[in-house]
Amino acid sequence: MTQERLYLYPIWIRFWHLVNALLCLLLIITGISMQFSAPAVALVRFDTAVAIHNIAGIILTINYVIFFIGNLFTYNGKQYQIEYRDLTKRLMAQGKYYAFGIFKGEQPPFPITRDNKFNPLQRFSYVFIMYLFVPVVFISGWALLYPETIPTTILGTSGLHLTDLFHILSGFIISFFMVIHIYFCTIGKNPGANFKSILNGYHEPH
Amino acid sequence: MTREIYLRPSWLVIVLLLLVVILFAFDYSTEPLKYENARTTSRITPEEITVDHSQFPNAEVNQKCFQCHGQSKYTYENTEQGRMVNERMYTELIISPNDFYLSNHRSFKCTDCHSEEYETFPHPGILRMEYKYSCLDCHEGDENYAQFHFEQIDAEFMESVHSQKHSEEFTCWMCHNPHTYKINARTNENIRETIVYDNTICLDCHSDFRRFQLLTDRERPNLIKSHDWLPNQELHIASVRCIECHTERTADSTLVGHKVLPKELAVKNCKECHSSKPELLASLYKYEAQEVRSMDGIFRGITTSDSVVIGASRNQTLNIISLILFAGAVIGIGFHATLRILKK
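Residues numbered from 1 in each chain as written. Chains lettered and ligands numbered in written order. Predicted model: local features only at pLDDT ≥ 70, side-chain atom pairs only at ≥ 80, totals over all residues. Heavy atoms only, no water.

*Asks:* For the overall build of chain A, give the residues involved together with the corresponding values.
*Replies:* Counting secondary structure elements, chain A contains six helices and five strands. Beginning at the N terminus, the succession of helices and strands in chain A can be written as β-α-α-β-α-α-β-β-α-α-β. Burial status across chain A gives 49% buried among its 206 residues. By sequence separation, contacts in chain A at least 24 residues apart represent 65% of the contacts at least 6 residues apart. (Helix = DSSP H or I, 4+ residues; strand = E, 2+ residues; numbered from the N terminus. Buried < 20%, exposed > 50% of the residue type's maximum accessible area, 1.4 Å probe, protein only. Contact = heavy atoms within 4.5 Å.)

Quick look at the structure:
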């Protein structure tokens, strides 16, 4: 049975996603360059990396506000609401599909519809990334831009150190997510189909 | 029909922002320690500790001296006039018995170092010419005091600006009063107290013109002005010993550098201290970020700052764990992708 093409990604989501993706790539590259910088070998020149990282971080925050308000007032927000009922069961079913079913040519257990454009694993991970780790990364990032606002000690340890640690850890988790996210996007009608979808807005069914 | 229960993720962001506000409200202070607090909380004045003098073997003999020299006035009988006279004791000649019995030399008799002729009153005038022992007169070559490296201290001191400029006029006594000297850096676990103790030694002359004048005709020193280049001056003075920047330590065996350098050679480069310790580096980072913004404006501050919290996040263990996790993900993806291609 051939399903119809679904218009899943309205223009504002595509714009937000594209900007978010490019900024995250820039932030990851410059972030890694600064984290592992050595005077002799630098992926990006240190001062350039700092400037790019700071500007990209600020734009990322503005872009996040678009995402947050958009999800608060449009139907898209419903896609990020996690349903508790049978959550583990659904997560397991999707995991099982990725681990085994996909190789046996099985159909995905949660077909994509207008009301349910993310499978349970996607929904779960997107919520944690977008509503926990991205806010942590930009809140700590802003604090590092204005280090004088950071309390000298937080719960007995250096405030600046702790803020930096949160920034680095959430940055790492986002980078880790990004690699897996990009790979899983190749699982579609064909490896390029999902990338095309997020650009033209139409989802091609399997 | 089962009612579906959804978690609205916007709450996560709101909770997160609330947590940040709570953390900031909790013991919020961006200053490491206020100067005033540092002085008042760490300075334990000898008056606060009262010592039972009678426990010391020479307390009774010493009391003869302390009955005059232990207070600001003394009374004696003027036999010529046949009456009792009250006199003021010169400040320099007052030794607080309490300070003495807290000091390192507390078990001494006064006459161990001073002439026994002081036992007569009025003291013979010739005693003013009495030789005053320096530290090395007693401590040089003494095995019992080897750990304090008196010889090393003396060698450093001889090269110091104090000794070079003032020759024999400048003795150990200028900084270490043998009546009240108490070992500090080695024994005090409260670093703030050690800082205040050591800095007080310097400030006793460098901020007290009467004492400063004893050795020089130079105009009154203005420490605040000569340190006006130093950011967060009060905080530095309360948190760092003067000698950290003003001496050159020639050996690790002594905890206090005695080779005091001429002022031109004092440490003035922030990174000399703010480079290895993360806490120190963090405070420099805060200062630099503020400075760049105030000089170049917010936008340029954000785009041109060439510093991040260098070292703070360079946690070797975390780096290794992150690399392992990344490598694991890449291998996993490679394996999954290969299987997908093969099973297609």
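Still more ground to cover, so stick around.
*Asks:* Talk me through the packing of aromatic side chains; I want residue IDs and the actual numbers.
*Replies:* Evaluation of the coordinates by the stated rule reveals 30 aromatic pairs over all chains. With centroids separated by 5.7 Å and ring planes inclined at 70°, the aromatic side chains of Phe172(A) and Phe326(B) adopt a geometry described as edge-to-face. With one member in each of two chains, Phe172(A) in helix H5 (residues 159-184) and Phe326(B) in helix H15 (residues 316-343) form a pair that bridges those chains. By relative accessible area, which is 23% here, Phe326(B) ends up partly exposed. Chaining the aromatic ring pairs together yields one cluster made of Trp16(A), Tyr64(A), Phe67(A), Phe68(A), Tyr80(A), Phe118(A), Tyr126(A), Tyr131(A), Phe138(A) and Phe177(A). Arg5(A) extends its terminal NZ or CZ atom over the ring of Tyr202(A), reaching a point 4.5 Å from the ring centre. (Phe/Tyr/Trp six-rings, centres within 6.5 Å; stacked < 30°, edge-to-face > 60°. Lys NZ or Arg CZ within 6 Å of the ring centre and 35° of its normal.)

*Asks:* Just give me the short version of the confidence of the model for chain B, but keep the residues and values in it.
*Replies:* Mean pLDDT over chain B works out to 78, with 76% of the residues at or above the 70 mark. As a predicted assembly, this complex carries a pTM of 0.58 together with an ipTM value of 0.87. (pLDDT = per-residue confidence, 0-100.)

*Asks:* Residue-level account of the environment of Leu6(A), with values.
*Replies:* Residues and elements named next belong to chain A. Counting through the fold element by element, Leu6 comes out in strand S1 (residues 6-7). Residues Leu6 and Tyr202 lie 196 residues apart in sequence; the distance between their C-alpha atoms is 5.4 Å. The contacts of Leu6, once residues within four sequence positions are left out, are Ile112, Thr113, Arg114, Gly201, Tyr202 and His203.

*Asks:* Lay out the packing of helix H1 (residues 11-35) of chain A against helix H2 (residues 46-73) of chain A in plain terms, naming residues and giving numbers.
*Replies:* Residues and elements named next belong to chain A. In contact at an axis separation of 8 Å, H1 and H2 are set at 150° when each is read in the N-to-C sense. It follows from the interaxial angle that H1 and H2 lie roughly antiparallel. Note that H1 runs across H2; the crossing there is left-handed. (Axes fitted to C-alpha atoms, helices over the stretch in contact; angles between N-to-C directions. Parallel < 35°, antiparallel > 145°, perpendicular 65-115°, else oblique. Left-handed = near helix turned anticlockwise from the far one by under 90°.)

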